[in-house]
Structures are given as C-alpha cells and as structure tokens.
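So the chains spell out like this:
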Amino acid sequence: MDETLTRNRLIRIWWAWQWRTVVATFIGSLVLITVFAFFAGFFGMDKQLITLIGNLIYMGVGIFASIWFLGFVLKKDFGDFRLTIEERRYCERPPKEEKEKTDELKTEDQIV
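Residues numbered from 1 in each chain as written. Predicted model: local features only at pLDDT ≥ 70, side-chain atom pairs only at ≥ 80, totals over all residues. Heavy atoms only, no water.

**Student:** Please give an account of the nonpolar core that cites residues and values.
**Tutor:** Within the largest apolar cluster, 5 residues are counted, these being I13, A16, V73, F78 and F81. Each residue touching F78, except ones within four places of it in the same chain, is listed here: R12, I13, A16, V73 and L83. (Core = buried A, V, L, I, M, F, W, Y, C linked by side-chain atoms within 4.5 Å. Buried < 20%, exposed > 50% of the residue type's maximum accessible area, 1.4 Å probe, protein only. Contact = heavy atoms within 4.5 Å.)

**Student:** Quick one: what's the story with the packing of helix 1 (residues 7–42) against helix 2 (residues 47–75), residue by residue and with numbers?
**Tutor:** It is the contact of helix 1 with helix 2, at a shortest axis distance of 7 Å, that shows an interaxial angle of 150°. Classed by the angle they form, the pair helix 1 and helix 2 counts as roughly antiparallel. The element helix 1 and its partner helix 2 pack so that their crossing is right-handed. Looking at the contact of helix 1 with helix 2 residue by residue, the classes come out as 19 nonpolar, 8 polar and 1 charged. (Axes fitted to C-alpha atoms, helices over the stretch in contact; angles between N-to-C directions. Helix = DSSP H or I, 4+ residues; strand = E, 2+ residues; numbered from the N terminus. Parallel < 35°, antiparallel > 145°, perpendicular 65-115°, else oblique. Left-handed = near helix turned anticlockwise from the far one by under 90°. Nonpolar A, V, L, I, M, F, W, Y, C, P; charged D, E, K, R; others polar.)

**Student:** Can you explain helix 2? Please cite residues and give values.
**Tutor:** Along its 29 residues, helix 2 runs 42 Å from first to last C-alpha, staying within 8% of the 42 Å computed at 1.5 Å per residue. Every buried residue of helix 2 is accounted for by I50, G54, V61, G62, A65, F69 and V73. Among the structural elements, helix 1 are those in contact with the buried residues of helix 2. (Expected span 1.5 Å × (residues − 1).)

Structure follows, in structure tokens:
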C-alpha cells in the first residue's frame, strides 16, 4: 500500500472539499441573506446594519459548509486511496521483545 501524499492526491482532496464548500456557501448564503434582507428592509433596518449582518451570515454559512464537507471528504473513497484517522496511543506496553531484553538486563545486573 502506497501511503505517500503526492501533489496530485493533495489536489484531489482539496478539490473534493472546496468545490462542495464554495457551492454550498454561495447557495446557502444567497438564500439566507435574501430572506434576511427582505424582512430587515421591510421592518426599516439600516442598510449598513443589513450589510454587516449579511456578511456575518455569509461567514457563518461558509464555516458550517467547510466543516460539514470536510467530514464528507474524510469518509470519501478516492479510488486508489482513502483518508484515515488513527488514534495515538501513549500508554502502550512495549512489545515482548523489548520486555525480554529489559528482563535480561535485570538478570545480568543481579549476577554482577
């Protein structure tokens, strides 16, 4: 199994993540900002405040879409490779070979 992260693979991962994020951010924020701006204008809210809140909506949708589709890409099968997440184990017991070597040193110390 080839576990190297090549430039081609990195671009495929990035593209699988980014195009979904950009499209979802554009469509989602367009809908939400349009609905918000309609009601805010209807109730007489200041134009600068509408723009500020619209930018916050856009940023929020972008962050949400980015996180959502990152999870999607982490589960995706790319054909010739797949991304995996491995837990680190800090408190592992040493393999038997190392343990036996440690025991041998103790017996030699006892002899001397």
